[in-house]
Amino acid sequence: MTNLISVSRLKRRLENNLNNTVLVDVRFKLDDPDAGRKMYLSSHLPGAVYMDLNKDLSGRAEKHGGSHPLPDMDLFASKIGNIGIDNDTTVVIYDQGDDMFAARLWWLLEAIGHDKVYILEGGYKGWVEEGNQVTDELPTLEPKEFRADIHTGNIADMQEVKEKIKTNSALLIDSRSRERYLGETEPLYSMAGHIPGAKNYFWKDVFSSDGTWKKADALEEHFSQLPKDGEIIVSCGSGVSACPNILALKAAGFSNVKLYPGSFSDWISYDENEVELEEN
């Protein structure tokens, strides 16, 4: 997968003092929003800057839009510039392991037109397990100008999802666990189940048993029941765990892939929208 970087490759890059590289720590816990920042302040990869899922990678939650709506893209681009990233910067993102938060930032950077973006395979955990240095020293930031080229064609809102399901002109994926998809459990929202017509592809299934991302051929097999010539809209609970599936779909050769940012939490905010408990 071209958007992954190994621990050894990143270590060589840092040892060779390759210029204009920024590391971004996005560790986060949905059930403890302050935990990620505390982990960062305690120890992080040398030179890494922290970005928060709620404060930096999401906008303010309202009645509609889901629990992690997209941030204002112009404001997000300004934040990216403020932490030292310009259009020529190589960005390496990591979370605790191979989790969903790094993929969320990867997706956002792609959405504002930045393509020199890599996710550290194994994340913070993999870096430490290979005996590499961490620090609690905060980096000195040198703001730069990031010129955003914002893409909206890879985003689907609730109305588009509803219309395309009705007309069978797109296929909807639900990236949550099978238990949440079937409504057997729902730890976060007031309603259980899934958007009618959605197919379940649990986001963690894009990883191998050892926790590493599956290779392209394995991902092609994983998604083999999906049409490569059709449009695929990817959802989850709030547009975060959908992002690993989007990265994996693109690695498997799918090109017409959109994110439904509001996902299930947005869908159920409309009283008229029904939910489904049966598998598709």
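Residues numbered from 1 in each chain as written. Predicted model: local features only at pLDDT ≥ 70, side-chain atom pairs only at ≥ 80, totals over all residues. Heavy atoms only, no water.

1. Looking at the overall build of the protein chain
Part 1 of the reasoning: On a plain count of helices and strands, the protein chain comes out with ten helices and nine strands.
Part 2 of the reasoning: Against the compact-globule benchmark of 19 Å for 280 residues, the protein chain has a radius of gyration of 18 Å, which places it among compact chains.
Part 3 of the reasoning: When the backbone C-alpha atoms are referred to their principal axes, the protein chain occupies close to 55 × 40 × 35 Å.
Part 4 of the reasoning: Working note: accessible area of the protein chain is about 13100 Å², and carbon and sulfur atoms make up 45% of it.
Part 5 of the reasoning: Counting 30 positive and 46 negative side-chain charges, the protein chain places the centres of these two groups 2 Å from one another. (Helix = DSSP H or I, 4+ residues; strand = E, 2+ residues; numbered from the N terminus. Rg over C-alpha atoms; globule rule 2.2 N^0.38 Å. Areas by Shrake-Rupley, 256 points an atom, 1.4 Å probe, with all protein chains shown as cover. Lys, Arg positive; Asp, Glu negative; His and termini not counted. Charge placed at Lys NZ, Arg CZ, Asp CG, Glu CD.)

2. Side note on helix 4 (residues 100-111)
Part 1 of the reasoning: A rise of 1.5 Å per residue sets the reference length of helix 4, with its twelve residues, at 16 Å; its end C-alpha atoms lie 17 Å apart and thus fit the reference within 8%.
Part 2 of the reasoning: Burial analysis of helix 4 places eleven of its twelve residues in the buried class, which makes it a mostly covered element.
Part 3 of the reasoning: Along helix 4, the residues classified as buried are Met100, Phe101, Ala102, Ala103, Arg104, Leu105, Trp106, Trp107, Leu108, Leu109 and Ala111.
Part 4 of the reasoning: On its buried face, helix 4 is in contact with strand 2 (21-25), helix 3 (73-82), strand 4 (90-94), strand 5 (117-120), helix 9 (242-251) and strand 9 (257-259).
Part 5 of the reasoning: Where helix 4 ends, the next residue or the one after it, Gly113, has phi of about 95°, a positive value. (Expected span 1.5 Å × (residues − 1). Buried < 20%, exposed > 50% of the residue type's maximum accessible area, 1.4 Å probe, protein only. Contact = heavy atoms within 4.5 Å.)

3. So, the side chain of Thr90
Part 1 of the reasoning: Looking at the secondary structure, you find Thr90 in strand 4.
Part 2 of the reasoning: Setting aside chain neighbours within four positions, we find Thr90 in contact with Arg13, Asn20, Thr21, Val22, Lys116 and Tyr118.

4. Regarding the sheet that holds strand 9
Part 1 of the reasoning: Spatially, four strands are ordered 7-6-8-9 in an open sheet, and the strand pairing comes out parallel. Pairing within the sheet leaves two strands with one partner each, and these edge strands are strand 7 (199-200) and strand 9.
Part 2 of the reasoning: As judged from the three bridges shared by strand 8 (residues 232-235) and strand 9, these two strands associate in the parallel manner. By the bridge assignment, Ile233 is partnered in strand 9 with Lys258. (Pairing = 2+ DSSP bridges.)

5. Here we look at the environment of His194
Part 1 of the reasoning: Assignment of secondary structure puts His194 in the loop between helix 7 (178-181) and strand 7.
Part 2 of the reasoning: The spacing of His194 and Gly65 is 129 residues in sequence and 16 Å in space, taken between C-alpha atoms.
Part 3 of the reasoning: The residues contacting His194, other than those within four sequence positions of it, are Asp174, Arg176, Tyr181, Leu182, Phe264, Val275, Glu276, Leu277, Glu278 and Asn280.
Part 4 of the reasoning: For His194, the side chain forms a polar contact with the main-chain oxygen of Glu278, separated by 3.0 Å. (Polar contact = N/O pair within 3.5 Å; in protein donor to acceptor, adjacent residues only side chain to side chain.)

6. Overview of the pattern of salt bridges
Pairing between side chains of opposite charge can happen when the charged atoms of each approach one another.
Part 1 of the reasoning: On inspection of all chains with the given rule, the structure shows 13 salt bridges.
Part 2 of the reasoning: Among the salt bridges present, the one from Glu186 reaches Arg176, with a minimum N-O distance of 3.3 Å. Taken together, the positions of Glu186 in the loop between helix 7 and strand 7 and Arg176 in the loop between strand 6 (171-174) and helix 7 put the pair ten residues apart, joining distant regions of the chain.
Part 3 of the reasoning: Note on Arg176: relative accessible area 2%, which makes it buried. (Salt bridge = Lys/Arg side-chain N within 4 Å of Asp/Glu carboxyl O.)

7. Examining unusual backbone geometry
Part 1 of the reasoning: Residues other than glycine seldom take positive phi values, yet Asn168 does so here, at roughly 55°.
Part 2 of the reasoning: In this model, Ser263 sits at a positive phi of 50°, which is unusual for a non-glycine residue.
Part 3 of the reasoning: Structurally, Ser263 is set in helix 10 (residues 263-267).

8. Some words on the pairing of strand 6
Part 1 of the reasoning: Because side chains alternate across strand 6, one face comprises the buried residues Leu171 and Ile173, and the other comprises Leu172 and Asp174, equally buried.
Part 2 of the reasoning: Direction of pairing for strand 6 relative to strand 8: parallel, over a ladder of four bridges. Pairing of Asp174 across the sheet is with Ser235, part of strand 8.

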